[in-house]
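Residue-level structural notes
So the chains spell out like this:
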Amino acid sequence: MAAPKVAVVGAGVVGLSVALCVADAFPSCSLAVLAERFTPSTTSDVAAGMLIPHTAPDTPIHVQKQWFKETFTHLFDINNSAEASEAGIHLVSGWQVFKSTPEEELPFWSDVVLGFRTMSKAELQKFPQHRYGQAFTTLKCDCPPYLLWMEKRLKAKGVQMFTRKVANLWELHNEYDIVVNCTGIGAHQLVGDQELFPVRGQVLKVHAPWVKNFVRDGDGLTYIYPGISNITLGGTREKEIWSLSPDPSTTKDIFDRCCSLEPSLQAAQEVKVQVGLRPSRASVRLQREVWSQGGAKLLVVHNYGHGSGGFSMHWGTAKEAARLVGECIAALQDSSSRAKL
């Protein structure tokens, strides 16, 4: 049969990583990425890109750990290469602090990050409002450099990029054999997923080059994540809020909360305020379907709904999505050979 035509819809961190995994696993495919927006205008561009997983309630822990481990290993390899700077990948050490000792002192990811340990009494003196803490080193992806680096790799493999708004996946059935849906919060409207809802996140990007360590409050709401060129201060978790307009009172609240953890930030220079909608559901939707209409068929793979965990597990879920694309290719080849008989 002719080389299968595959379209990945969505060009955030999930879409681009799926495209790379498919291009690597199935080089004979004709592959395209279709998206209404590319970097620097995606939801991923707002994210801090820190590899600290959030537990998804309806996904088995061993699966989440596998996705995180595959992602960490992949980014650690990039970090240890000459491409680290261009890709915006770097190691960052710091602390996760709690006002009281958490029930789970050893999170499922503690043996994947580097040097995980309980903070000493001396270290905790830096955070007088907190009673317990964890110290470790993890990885951070700076956006847009990471997305630009992935786009560059895709183009080098001959993958085409098209700026295009897809209103319905079925509109692609005449052009492509397989469509991978990586549209994030866009899937709410695109495929009518009522289980998917936005969790609005507002962050500040500031210039404070003297701050080298990350700090994350255990509740996950307040965080300071140093990047290569600026620092991300956060944040908010506002369920079912669709507004992308920055709220000035929220900006002040975020800044004040971060300064209570790191007083030297009072001297930081504000760069910009950004808002993104995390695509949240009880579990990532990672599955394949066959759509048919009037005798025509379209094979669809879904990979969306990562919530706050997009960066922490993007490569692990991309590998799984590529495996599902492989199943679709096998089904196409099987039906093609049966048609010849």
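Residues numbered from 1 in each chain as written. Predicted model: local features only at pLDDT ≥ 70, side-chain atom pairs only at ≥ 80, totals over all residues. Heavy atoms only, no water.

Stated precisely, the cut-off is as follows: UniProt positions are given in the numbering used here, feature names are shortened, and annotations may be inferred rather than shown by experiment.
The protein chain appears in an unreviewed UniProt entry as D-aspartate oxidase from Crypturellus undulatus. Its UniProt record gives the protein chain a comment under Sequence similarities (unreviewed entry), which states: "Belongs to the DAMOX/DASOX family." Here is the UniProt Subcellular location (unreviewed entry) comment for the protein chain, exactly as written: "Peroxisome matrix".

Looking at the pairing of strand S9 (residues 214-217)
What counts, and what does not: For every residue, the accessible area obtained with a 1.4 Å probe (protein chains only) is divided by the maximum for its type, and the residue is called buried under 20%, exposed over 50%, and partly exposed between those limits. The way it works is that DSSP assigns letters per residue, a run of H or I at least four long becomes a helix, a run of E at least two long becomes a strand, and they are numbered from the N terminus. Two strands pair if DSSP finds at least two bridges between them.
What you see with S9 is no split at all: Phe214 and Arg216 on one side and Val215 and Asp217 on the other are buried throughout. Sheet topology places strand S3 (residues 89-98) next to S9; 4 bridges connect them, and they run parallel. Residue pairing in the sheet places tryptophan 95 in a bridge with valine 215 of S9. Across 2 bridges, S9 lies against strand S10 (residues 223-226) in antiparallel orientation. Among the inter-strand pairings, arginine 216 is bridged to a residue of S10, identified as tyrosine 223. Once S9 ends, the chain turns through 5 residues before running back antiparallel as S10, passing glycine 220 with a positive phi of about 80°.

Observations regarding the packing of helix H1 (residues 13-25) against helix H5 (residues 145-156)
Going by this rule: Working convention: axes come from line fits to C-alpha atoms, limited for helices to the stretch in contact. Angles between N-to-C directions cover 0 to 180 degrees. In these notes the angle categories are as follows: under 35 degrees is roughly parallel, over 145 is roughly antiparallel, 65 to 115 is roughly perpendicular, and the rest is oblique. We call a crossing left-handed when the near helix sits turned anticlockwise from the far one by less than a right angle, and right-handed when that turn is clockwise. By definition, residues are in contact when any of their heavy atoms lie within 4.5 Å. When residues are grouped by polarity, Ala, Val, Leu, Ile, Met, Phe, Trp, Tyr, Cys and Pro land in nonpolar, Asp, Glu, Lys and Arg in charged, and all others, Gly among them, in polar.
In contact at an axis separation of 10 Å, H1 and H5 are set at 30° when each is read in the N-to-C sense. Regarding the angle of H1 to H5, the classification is roughly parallel. For the pair H1 and H5, the crossing hand works out as left-handed. Every residue of H5 that contacts H1 at Val13, Leu16, Ser17, Ala19 and Leu20 is listed here: Tyr146, Leu147, Met150, Glu151, Arg153 and Leu154. Here the contact of H1 with H5 is built from residues that sort into 8 nonpolar, 1 polar and 2 charged.

A short note on the state of the cysteines
Stated formally: Disulfides are defined as pairs of cysteine sulfur atoms found within 2.5 Å of each other.
Following the criterion strictly, the structure yields 0 disulfides and no others. Not engaged in a disulfide, the cysteine cysteine 141 finds its nearest cysteine sulfur in cysteine 143; these two sulfurs lie 6.9 Å apart. Considering cysteine sulfurs only, cysteine 21 is the nearest to cysteine 182, which forms no disulfide, with 10 Å between them.

Examining the pairing of strand S14 (residues 296-306)
Of all 11 residues making up S14, 9 are buried, and the element is well covered by its neighbours. Sheet topology note: the strand S7 (residues 178-181)/S14 ladder contains 4 bridges and is parallel. Looking across to S14, one finds that valine 180 is bridged to valine 301. Bridge analysis of strand S13 (residues 269-293) against S14 gives 10 bridges, and the strand direction is antiparallel.

Let's talk about the UniProt feature "binding site: FAD" (unreviewed entry) in the protein chain
Quick reminder of the rule: In protein, a polar contact requires one atom able to donate a hydrogen and another able to accept it; more generally it is a pair of N or O atoms within 3.5 Å, and residues adjacent in sequence count only if both atoms are side-chain atoms.
The UniProt record marks Thr43, Ser44, Val166 and Thr183 with the feature "binding site: FAD" (unreviewed entry), using the residue numbering of this structure. Structurally, serine 44 can be placed in the loop between strand S2 (30-35) and helix H2 (61-79). Owing to a relative accessible area of 11%, serine 44 belongs among the buried residues under this scheme. Those residues within four positions of serine 44 in sequence are excluded, and the remaining contacts are Gly12, Val13, Cys143, Leu147 and Phe311. One polar contact links the side chain of serine 44 to the main-chain amide nitrogen of valine 13, over a distance of 2.9 Å. With respect to the secondary-structure elements, valine 166 resides in the loop between strand S6 (160-163) and S7.

Things to note about the environment of threonine 222
Inspection of the secondary structure assignment puts threonine 222 in the loop between S9 and S10. Residue threonine 222 is classed as buried on the basis of its relative accessible area, which comes to 6%. With 11 residues separating them along the chain, threonine 222 and leucine 233 place their C-alpha atoms 7.5 Å apart. Beyond its immediate chain neighbours, meaning those up to four positions away, threonine 222 contacts Val215, Arg216, Asp217, Gly234, Gly235, Arg257, Cys258 and Leu261. A polar contact is formed between the side chain of threonine 222 and the side chain of arginine 257, at a distance of 2.8 Å.

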